[in-house]
Amino acid sequence: MELTPEIKKALRKKRAVLDLPKHIIAKELGLTPLTYGRIESDKQKFNVQPTTYKKITEWLVKDC
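Residues numbered from 1 in each chain as written. Predicted model: local features only at pLDDT ≥ 70, side-chain atom pairs only at ≥ 80, totals over all residues. Heavy atoms only, no water.

Chemist: Would you take a moment to explain unusual backbone geometry for this structure?
Modeler: Among all residues save glycine, negative phi is the norm, and among peptide bonds the norm is trans. Even without glycine at this site, Asp-19 takes up a positive phi of about 55°. Mapped onto the elements of the fold, Asp-19 is located in the loop between helix H1 (5-18) and helix H2 (22-29). (Helix = DSSP H or I, 4+ residues; strand = E, 2+ residues; numbered from the N terminus.)

Next up, the structure:
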């Protein structure tokens, strides 16, 4: 599944609000820091497995 630019922007925004580094968010999502960095990047399209997509979207809707 391809993550939309809006989802990527929401990831960056929530991480900034929580003031957490990428490696902490990656650990919370069960991803490697490298994978999370690629997901958050605007420089490339990055497809994820449906289970990863679900983890990301569920994390985004959690209260800060």
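Chemist: Teacher, can you tell me more about the nonpolar core here?
Modeler: For soluble globular proteins, the rule of thumb is that nonpolar side chains tend to be buried together. Residues Leu-3, Leu-11, Leu-29, Leu-31, Tyr-36, Ile-39 and Ile-56 are the most contacted members of the largest nonpolar core, which totals 13 residues. Where this core is concerned, the elements lending two or more residues are H1, H2, helix H3 (33-40) and helix H4 (50-61). The biggest single contributor to this core is H2, with 3 residues. Non-local contacts of Ile-39, meaning those with residues more than four positions away in its chain, are made with Leu-3, Lys-8, Leu-11, Leu-31, Phe-46, Val-48, Thr-52 and Ile-56. (Core = buried A, V, L, I, M, F, W, Y, C linked by side-chain atoms within 4.5 Å. Buried < 20%, exposed > 50% of the residue type's maximum accessible area, 1.4 Å probe, protein only. Contact = heavy atoms within 4.5 Å.)

Chemist: Sorry if this is basic, but what is going on with the packing of aromatic side chains here?
Modeler: The description of two aromatic rings rests on the distance between their centres and on the angle between their planes. Applying the stated rule across the entire model yields 0 aromatic pairs. Sitting over the ring of Trp-59, Lys-14 keeps its end group 4.4 Å from the ring centre. (Phe/Tyr/Trp six-rings, centres within 6.5 Å; stacked < 30°, edge-to-face > 60°. Lys NZ or Arg CZ within 6 Å of the ring centre and 35° of its normal.)

Chemist: What's the story with the side chain of Arg-15 in this structure? I'm lost.
Modeler: As for its position among the elements, Arg-15 is in helix H1. Excluding residues that lie within four positions of it along the chain, Arg-15 makes contacts with Leu-20, Pro-21, Lys-22, Ile-25, Tyr-36, Glu-40 and Trp-59.

Chemist: Explanation requested: the confidence of the model for the chain in the structure shown.
Modeler: As a note on interpretation, predicted positions should not be read in detail where pLDDT is low. Summary statistics for the chain give a mean pLDDT of 91 and a share of 98% for residues scoring 70 or more. Confidence scores differ between elements of the chain, with H3 showing the lowest mean pLDDT of 92 and H2 the highest of 96. (pLDDT = per-residue confidence, 0-100.)

Chemist: Quick question: what am I supposed to make of the environment of Val-61 here?
Modeler: By the element assignment, Val-61 lies in helix H4. Distance from Val-61 to Ile-39, taken between C-alpha atoms, is 17 Å for residues 22 residues apart in sequence.

Chemist: Teacher, can you tell me more about the pattern of salt bridges here?
Modeler: A side chain with one charge may pair with a side chain of the opposite charge, provided their charged atoms come close. Under the counting rule described, the total for this entry stands at 3 salt bridges. A salt bridge links Lys-22 to Glu-40; the nearest nitrogen and oxygen atoms lie 3.9 Å apart. A residue pair is termed long-range when its members are at least 10 positions apart, and Lys-22 in helix H2 and Glu-40 in helix H3 qualify at 18 residues. Take Lys-22: its relative accessible area is 36%, and that puts it in the partly exposed class. When the shortest N-O distance is used, the salt bridge between Lys-54 and Glu-58 registers 3.8 Å. Placement of both Lys-54 and Glu-58 in helix H4 is noted, with a separation of 4 residues, approximately one turn of the helix. Judged by its relative accessible area of 42%, Glu-58 is partly exposed. (Salt bridge = Lys/Arg side-chain N within 4 Å of Asp/Glu carboxyl O.)

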